[in-house]
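Architecture and fold: a report
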Amino acid sequence: DDPLAQVTNEDALQVLRGLGRFDFDVLSLEELLRGRQLCVTAGESFRQRGLLEELHAEGCFDQSVKSKLGKYLGQIEDRYVSTVAYHNATHAADTLATAWWLLQATYFSELSNLDRFIVVVACAIHDVAHPGRNNVFQSKVMSETAIRYNDRAILENMHSATAFEIMLQDESLNWFSTLSKDFKASNGKTENLQQYTRKGLVDLVLGTDMAKHKEHEEFVKSLSPGKALDGTKLMPILECVVHAADVSNACKPAVLMKQWTQRLLLEFWEQGDEEMSRGLEISHLCDREAGLRS
């Protein structure tokens, strides 16, 4: 089966018609599909713009991309941990859908198809294999992941590396190899799209680190209101798009916001319970008793 294939469930199709709106309800999609909500959301975003077909016509990909990408995203979805309350495949799908909504803005009307594709894939992979314990916890306990990445963007580095490891484990998953290495750009220059895409994906995933939140805020403030999209600042702008989508739950309609808040607090409290059992200081927002009192 093609993980990106259009679903036949009429109720799910009705929900998917909302993709591109801020109030897209991926939680209902999760309940209806009981799995594959990430692949289905990604597949629908590609279909809305004929994105994969456009990229093939432009010479960015060869014809095998759709099959390989579908299998790859299926593997990515499987590597999200379903027992993690918040940072799971449904959150990844929600981040993807919110970023897709942001890219509908007139400001992004000149954004290339490849850059739109990079945003979609970055959102899909940005929390893959999340263990339900944040960077602060990883550093406190000197986890294997914290040691590997020297306490810097611990989980974000892991997510990015895991996403590429999955892709390279089997040629049938390696959509990356279908990218052109000698793409002829409109300006006449030859560009290696594999290098461009890898850098873009890594930058966008690392940009979801909450330690960069203030930096993103200051960058957005520095942009000139009313000015067209500045190609020289493209990746930092797209980093802000993905980061904003990642933390957008508090802005969603109340019925959605409350459900996401419950999931996030449950994950935080589970971390706090483990910190307490280990005799560690309970991290910010992770104290179950204090949370239930508030």
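Cut-off values and rules
- Residues numbered from 1 in each chain as written.
- Predicted model: local features only at pLDDT ≥ 70, side-chain atom pairs only at ≥ 80, totals over all residues.
- Heavy atoms only, no water.
- Helix = DSSP H or I, 4+ residues; strand = E, 2+ residues; numbered from the N terminus.
- Rg over C-alpha atoms; globule rule 2.2 N^0.38 Å.
- Buried < 20%, exposed > 50% of the residue type's maximum accessible area, 1.4 Å probe, protein only.
- Areas by Shrake-Rupley, 256 points an atom, 1.4 Å probe, with all protein chains shown as cover.
- Axes fitted to C-alpha atoms, helices over the stretch in contact; angles between N-to-C directions.
- Parallel < 35°, antiparallel > 145°, perpendicular 65-115°, else oblique.
- Left-handed = near helix turned anticlockwise from the far one by under 90°.
- Contact = heavy atoms within 4.5 Å.
- Nonpolar A, V, L, I, M, F, W, Y, C, P; charged D, E, K, R; others polar.
- Salt bridge = Lys/Arg side-chain N within 4 Å of Asp/Glu carboxyl O.
- Phe/Tyr/Trp six-rings, centres within 6.5 Å; stacked < 30°, edge-to-face > 60°.
- Lys NZ or Arg CZ within 6 Å of the ring centre and 35° of its normal.
- Expected span 1.5 Å × (residues − 1).
- 1 Å grid on protein atoms, 1.4 Å probe; cavity = no way out; pocket = protein on both sides within 12 Å on 5 of 7 lines; lining within 4 Å.
- Points joined across faces, edges and corners; volume = space filled by probe spheres on them.
- Disulfide = S-S within 2.5 Å.
- Core = buried A, V, L, I, M, F, W, Y, C linked by side-chain atoms within 4.5 Å.

1. Quick look at the overall build of the chain
- In terms of regular secondary structure, the chain is built from 15 helices and two strands.
- Here the chain has a C-alpha radius of gyration of 19 Å; the compact-globule value for 294 residues is 19 Å, and the two agree.
- C-alpha atoms of the chain, sized along the principal axes, occupy 60 × 45 × 45 Å.
- Counting only residues that meet the buried cut, the chain has 49% of its 294 residues in that class.
- Accessible area of the chain: about 14,500 Å², with a carbon and sulfur share of 51%.

2. Quick look at the packing of helix H2 (residues 26–33) against helix H3 (residues 37–49)
- Packing of H2 against H3 brings their axes to within 9 Å, and their N-to-C directions diverge by 120°. In terms of their interaxial angle, H2 and H3 are classed as oblique. Both H2 and H3 take part in a crossing whose hand is right-handed. Within the contact between the two elements, H2 uses Val26, Leu29, Glu30 and Leu33 and H3 uses Gln37, Val40 and Thr41.
- The residue inventory of the contact of H2 with H3, partitioned by class, reads four nonpolar, two polar and one charged.

3. Here we look at the pattern of salt bridges
- According to the stated counting rule, one finds 18 salt bridges in the structure shown.
- The salt bridge involving Glu274 is made with Arg133; its shortest N-O contact spans 2.8 Å. Of this pair, Glu274 sits in helix H14 (residues 254–277) while Arg133 sits in the loop between helix H7 (113–125) and helix H8 (135–140), placing them 141 residues apart in sequence.
- Owing to a relative accessible area of 17%, Arg133 belongs among the buried residues under this scheme.
- Among the charged side chains, a network of salt bridges with common partners joins Lys214, Glu217, Glu218 and Lys221.

4. Focus: the packing of aromatic side chains
- Overall, the coordinates contain ten aromatic pairs when judged by the stated rule.
- Connected via pairs of aromatic rings, a cluster forms that spans Phe46, Phe61, Tyr72, Phe117, Phe164, Trp175 and Phe176.
- A cation sits over an aromatic face here: Lys252 above Phe22, 5.2 Å from the ring centre.
- Over the face of the ring belonging to Trp260 we find Arg263, whose NZ or CZ atom lies 5.6 Å from the ring centre.

5. Let's talk about helix H10 (residues 154–168)
- Between the first and last C-alpha of H10 there are 21 Å, a value that for 15 residues agrees with the 21 Å anticipated at 1.5 Å per step.
- In terms of residue burial, H10 counts as a mostly covered element, since eleven of its 15 residues are buried.
- Where H10 is buried, its residues meet helix H5 (65–79), H7, H8, helix H9 (144–148) and helix H11 (193–206).

6. Quick look at the packing of H7 against H11
- Orientation of H7 relative to H11, taken along the N-to-C sense of each, is 45°, at an axis distance of 9 Å. Classed by the angle they form, the pair H7 and H11 counts as oblique. Judged by the twist between their axes, the crossing of H7 over H11 is right-handed. Touching Leu114, Asp115, Ile118, Val119, Val121, Ala122 and Ile125 of H7 are Leu193, Tyr196, Thr197, Gly200, Leu201, Leu204 and Val205, all from H11.
- Tallied by class, the residues present in the contact of H7 with H11 amount to eleven nonpolar, two polar and one charged.

7. Quick word on empty space enclosed by the protein
- Going through the model one piece at a time under the given rule, you end up with two cavities of 30 Å³ or more.
- For the largest cavity, the calculated volume is near 70 Å³.
- Forming the boundary of the largest cavity are Leu4, Gly43, Phe46, Arg47, Leu52, Glu53 and Lys66.
- Looking at the lining of the largest cavity, the elements with two or more residues in it are H3 and helix H4 (51–58).
- Per element, the largest residue contribution to the lining of the largest cavity is three residues, and it comes from H3.
- Quantified by volume, the second largest cavity comes out at close to 30 Å³.
- Lining the second largest cavity, in full, are Arg21, Phe22, Phe24, Asp94, Ala97, Thr98, Trp101 and Lys252.
- Its residues assigned to classes, the lining of the second largest cavity comprises four nonpolar, one polar and three charged.

8. Describing the state of the cysteines
- All chains considered together, the criterion is met by zero disulfides.
- Counting only cysteine sulfurs, Cys123 is the nearest neighbor of Cys60, a cysteine outside any disulfide, at a range of 19 Å.
- With a relative accessible area of 2%, Cys60 lands in the buried category.
- Unpaired in terms of disulfides, Cys251 finds its nearest cysteine sulfur in Cys240, a separation of 15 Å.

9. What to know about the nonpolar core
- The biggest cluster of nonpolar side chains holds 75 residues, and the ones touching the most others in it are Phe46, Tyr72, Phe117, Trp175 and Leu238.
- Beyond its immediate sequence surroundings of up to four residues, Tyr72 is in contact with Ile125, Ala163, Ile166, Met167, Leu173 and Trp175.

10. Some points on unusual backbone geometry
- A positive phi angle is found at Ala153, which is not glycine, with a value near 45°.
- With respect to the helices and strands, the residue Ala153 is situated in the loop between H9 and H10.

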